Amino acid sequence: MSLTAAPSTVRTAPARRTSKQLRKAVDAWVWVGVAGLILTFLYIPIVVLVAFSFNTSRSLSWPMTGLTLDWYRKLAENDQLITAVQNSLYVAVSATVLTLLIGVPAALALDRLEFPGKGIFRKLVLLPIALPGIITGISMLILFRLIGFGLSLETVIIGHATALLAVVVTQVFARLQRLPHSLDEASADLGASGWQTFFLVTLPNIRTAVIGAGILSFTLSFDEIPVTFFLTGRDNTLPMYIWSTMRRGLTPEINAVGALIVAASILLILVSVLLQRERPRPSR
Amino acid sequence: MTNIIRLDGLSKHFGSVIGVDDVSLSVRKGEFLTLLGPSGCGKSTLLRMIGGFEEPTAGQIWLDGEDVTDLPPNRRAVNMLFQDYALFPHMSVGKNVGYGLKVAGTPKREVETRVLEVLDLVGLADKAGAAPHQLSGGQQQRVALARAIVRQPKVLLLDEPLSALDANLREAMQVELRHLHQKVGLTFIMVTHDQTEALTMSDRVIVMRAGRIVQDGAPQSLYDLPGSPYIADFIGTTNLFASRIENGRIACHGQPLTIDPQSILPGARTFGFRPEKARLLRGDANGSNLLRGKVAEVFYHGSVARIIVDLGAGQVLVDLQITDAAAGLPQLGDAVAVEIAAHKIMGFAAEDAA
């Protein structure tokens, strides 16, 4: 009896250990599966879009009939579409620059200055982020009509910049709050003027927040429809153009545009990651 | 000696709160002056007004004969060592130290040599290329110090410079700051709430309370001749008690003590003596000026033991120098006598108990 009992007790401990390890491994694979599902859910539509942009057939049906670059060639010959892309770039870049030029100083004022009504200013400046684009669009349209402003891409830029201001102010303000005021004081103490302090001390320390807010603003402006819809004159931006052609049905050409935008977005993300990467070690 | 700084009736009000109240003060060139007081006494506000970071409500600040009251910080020839060091995180140590020279338009070559000189002075010449976050707290402080003296300011302001360091590093930095002061010959104005720091490092200490200067003097005079019970207890420890003088004698918690009429004003109402100036004797000892009581508590500090003696009506502290460990410490409940020489008793005019 003792002969059989002894080995069995010896064996149970490792057996228990392997079952624990097994459970851990299963747990890990379950999480990998969940993560995979989430990613599939997020990216399958994009993969489909890109895949069909190379499909020879016009119809969006599986399986694909063959590979071609025809749609990209057609796209390159489509003047309307190219103008729309140019317009979109013009609007997005201008709106981003404009909103940064207003938003960064506004965030600085919120963080560094004391003035009457600051609390209200802070809340009101952030309000447009919660406002639907349609409201911003209509209200600005009414305003431009009132003061006799003709609608154009420039009015779109103003509209976008207004809506995006909240994004920039929030992000930059959040960063500024984490920056000790003693840095400003030390800079002034060491003889720097206000401008020198801003460019040599403040800006380098909020740089990543400014870049991040800029890229987000650019993206939001680039695919914006509601505000653009109300404020544009004769000119079309890319999302407006795509939307208008969609009424005539989905075309692989649109898929090709989409694929190009995806490529450009990936590029933009890479650039932003590179720019925002903290330098491991400052140079002397 | 010439005065490098003169404050004339300087006040600072924050709304209805009075931070600094009509302070006038002169600082001599090359002096190491310390503003000492509990938090909220106005010492930091005073320092920040000298640096230009707070605007005085009233009064003037004269720096080396020039009225700088309305000048912004960047146009005053004073530099500040910030409590949190305020090193620029995106710049190397060398760039941090050279910043003040760079913004002043100093030629690059000269900036480099002066940065190395001053880094050498604080013992960090090999760290010029490092980022501030790679350094220890003590090293960061020395970088901040180097950055503050590289422009050779007329006055260096130090805002609680040692408060962020741990105990043994703090002691080492006390010594280093003093040596640096002697080496560079600049005027130092330091703010601290730590009386030991103030006594150890400075030539002169200004004790502040509720926005006002309550005493101004060399560390030793401050300790030996405190002007009020408040200072007597704030700087070091003092056994304080209230009494009236009758026939050259006072009562300490009911027990008579003789005082020295030469050192005490006749109107004195509060009296005190320092624990280390009294002597602890055995209970059956004879002598004059003895307070008799029982040992209530013993705090052993190694070279000295602080004994709380219960006199019945109150308690006093006495320091016992331990020169011979074999003699042993008094035990709780032992009958003891506290001897205090008449001339070591301090007397103060009546003042609100601090």
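Residues numbered from 1 in each chain as written. Chains lettered and ligands numbered in written order. Predicted model: local features only at pLDDT ≥ 70, side-chain atom pairs only at ≥ 80, totals over all residues. Heavy atoms only, no water.

Our focus in this paragraph is unusual backbone geometry. All names here are of chain B. Positive phi values are uncommon outside glycine, yet Ala-210 reaches one of about 50°. Looking at the secondary structure, you find Ala-210 in the loop between strand 9 (204-209) and strand 10 (212-217). Assessed through its relative accessible area of 60%, Ala-210 is described here as exposed. Although it is not a glycine, Asn-289 sits at a positive phi angle of roughly 50°. Looking at the element boundaries, Asn-289 is found in the loop between strand 15 (279-282) and strand 16 (290-300). (Helix = DSSP H or I, 4+ residues; strand = E, 2+ residues; numbered from the N terminus. Buried < 20%, exposed > 50% of the residue type's maximum accessible area, 1.4 Å probe, protein only.)

Residue and element names in this part refer to chain B. Residues Val-78 and Met-80 line one face of strand 6 (residues 78-81) and the alternating positions Asn-79 and Leu-81 line the opposite face, and both faces are buried. Pairing of strand 6 with strand 7 (residues 155-159), which is carried by 4 bridges, proceeds in the parallel orientation. Looking across to strand 7, one finds that Met-80 is bridged to Leu-157. (Pairing = 2+ DSSP bridges.)

Counting from both sides, the interface comprises 23 residues of chain A and, opposite them, 28 residues of chain B. Buried area between chain A and chain B, both sides added, is near 2,300 Å², and the carbon and sulfur share of it is 56%. Applying the counting rule to chain A against chain B returns 1 salt bridge. Residues Glu-185 of chain A and Arg-48 of chain B are paired through a salt bridge, measuring 2.7 Å at the closest nitrogen-oxygen approach. In this assembly, chain A and chain B are joined by 11 residue pairs in polar contact (both at pLDDT 80 or more). Of all elements in the fold, only helix 7 (181-189) and helix 8 (194-222) of chain A reach the threshold of two or more residues within the side of chain A that touches chain B. It is helix 7 of chain A that contributes the most residues to the side of chain A that touches chain B, 7 residues altogether. A breakdown of the residues in the side of chain A that touches chain B according to their chemical character gives 10 nonpolar, 8 polar and 5 charged. (Contact = heavy atoms within 4.5 Å. Buried area = accessible area lost by both parts, 1.4 Å probe. Salt bridge = Lys/Arg side-chain N within 4 Å of Asp/Glu carboxyl O. Polar contact = N/O pair within 3.5 Å; in protein donor to acceptor, adjacent residues only side chain to side chain. Nonpolar A, V, L, I, M, F, W, Y, C, P; charged D, E, K, R; others polar.)

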